Amino acid sequence: MLTSGMKHKLEDLALKAGAENDGHGNRVAAMVPAIMSAAGVKRDPWPIIIGARLHDIGKRMVPPDILFAQRSLQHYEREIIANHPEDGLAIVKEALGHVPQVIGTCINDHHEHWDGSGYPGNLRGEAIPLPARLVAIADVIDALASPRAYKAGLSAAVIRNVLVRGRGKLFDPVLLDAVLENYDAILAARASVAPPPRAPTSVVGGQSGSTP
């Protein structure tokens, strides 16, 4: 049970984290309730929204010359980025002393893949907690749609094709079908987020040769 003080700390931390990396976390968080509605998920959205805002907080631990690199990354650099889920858990635990389960899985498991090929735990199928499966889809949509120093943002049609190719491989097929059936509404939820003030090193997702 969260105390009011812990809830306030979580919201404050999530507000800051969501605005980082050009507002990536805030856009992911905006899509989560729309995906839940499309898929008929009946549960409290608040902890999943907070988890979505916090999901990439571990990238604070990635050196800027790697996170903002405008080049293909070396293997060891990709491994450093791949540590960001576990680093994120550590950051939140240090700040709060405790990471609520739903929020923790959004942070730790959003790069797990339906076919077991993801990280950090190689979880497969429904072994991946539902909140992480929700965040995973929204995360990829925003990472692909957002322009970065090393790439242009992709069109809605191209992103849709990427999602379709990931059905049953990267993404929960039932959730993904709901997203595709309500695609315009999901994108509208993303577009509803006002962009934060621009920063010269605002980058999200993965460089060429890394994972979003």
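Scroll up for the structure.
All values derive from a computational prediction rather than experimental measurement.

Draft legend 1. Region of interest: the overall build of the protein. When you go through the protein residue by residue, the secondary structure sums to ten helices and zero strands. The C-alpha atoms of the protein give a radius of gyration of 16 Å, which matches the 17 Å a tight globule of 212 residues would have. Taking the principal axes of its C-alpha atoms as reference, the protein extends roughly 45 × 40 × 35 Å. A total of 212 residues make up the protein; the buried ones form 50% of that total.

Draft legend 2. Molecular detail of the packing of helix α7 (residues 130–145) against helix α8 (residues 156–165). Closest axis-to-axis distance for the α7/α8 pair is 10 Å, and the angle between their directions is 145°. Where α7 crosses over α8, the two elements pack in a sense that is right-handed. Facing Val140, Ile141, Leu144 and Ala145 of α7, the residues of α8 in contact are Ile159, Val162 and Leu163. Split by residue class, the contact of α7 with α8 holds seven nonpolar, no polar and no charged.

Draft legend 3. Focus on the pattern of salt bridges. Taken as a whole and judged by the stated rule, the model has nine salt bridges. Note that glutamate 20 is salt-bridged to arginine 60, the shortest N-O span being 2.7 Å. Within this pair, whereas glutamate 20 is found in helix α1 (residues 4–39), its partner arginine 60 is found in the loop between α2 (46–54) and α3 (64–67), the two being separated by 40 residues in sequence. For arginine 60, a relative accessible area of 38% translates into the label partly exposed.

Draft legend 4. The arrangement of the packing of aromatic side chains in detail. Scanning the model with the defined rule gives zero aromatic pairs in all. Note that lysine 7 overlies the ring of tryptophan 46, its terminal NZ or CZ placed 4.8 Å from the centroid.

Draft legend 5. Spatial organisation of unusual backbone geometry. Residue proline 120 follows tyrosine 119 across a cis peptide bond; omega there is 10°. Tracing the backbone shows proline 120 in the loop between α6 (101–108) and α7. A positive phi angle, near 55°, is found at asparagine 21, a position not held by glycine. Position of asparagine 21 relative to the elements: it lies in helix α1. Phi is positive for aspartate 22, close to 65°, though the residue is something other than glycine. With respect to the helices, strands and loops of the structure, aspartate 22 is situated in helix α1.

Cut-offs applied
Residues numbered from 1 in each chain as written. Predicted model: local features only at pLDDT ≥ 70, side-chain atom pairs only at ≥ 80, totals over all residues. Heavy atoms only, no water. Helix = DSSP H or I, 4+ residues; strand = E, 2+ residues; numbered from the N terminus. Rg over C-alpha atoms; globule rule 2.2 N^0.38 Å. Buried < 20%, exposed > 50% of the residue type's maximum accessible area, 1.4 Å probe, protein only. Axes fitted to C-alpha atoms, helices over the stretch in contact; angles between N-to-C directions. Left-handed = near helix turned anticlockwise from the far one by under 90°. Contact = heavy atoms within 4.5 Å. Nonpolar A, V, L, I, M, F, W, Y, C, P; charged D, E, K, R; others polar. Salt bridge = Lys/Arg side-chain N within 4 Å of Asp/Glu carboxyl O. Phe/Tyr/Trp six-rings, centres within 6.5 Å; stacked < 30°, edge-to-face > 60°. Lys NZ or Arg CZ within 6 Å of the ring centre and 35° of its normal.

Geometry only, nothing functional implied.
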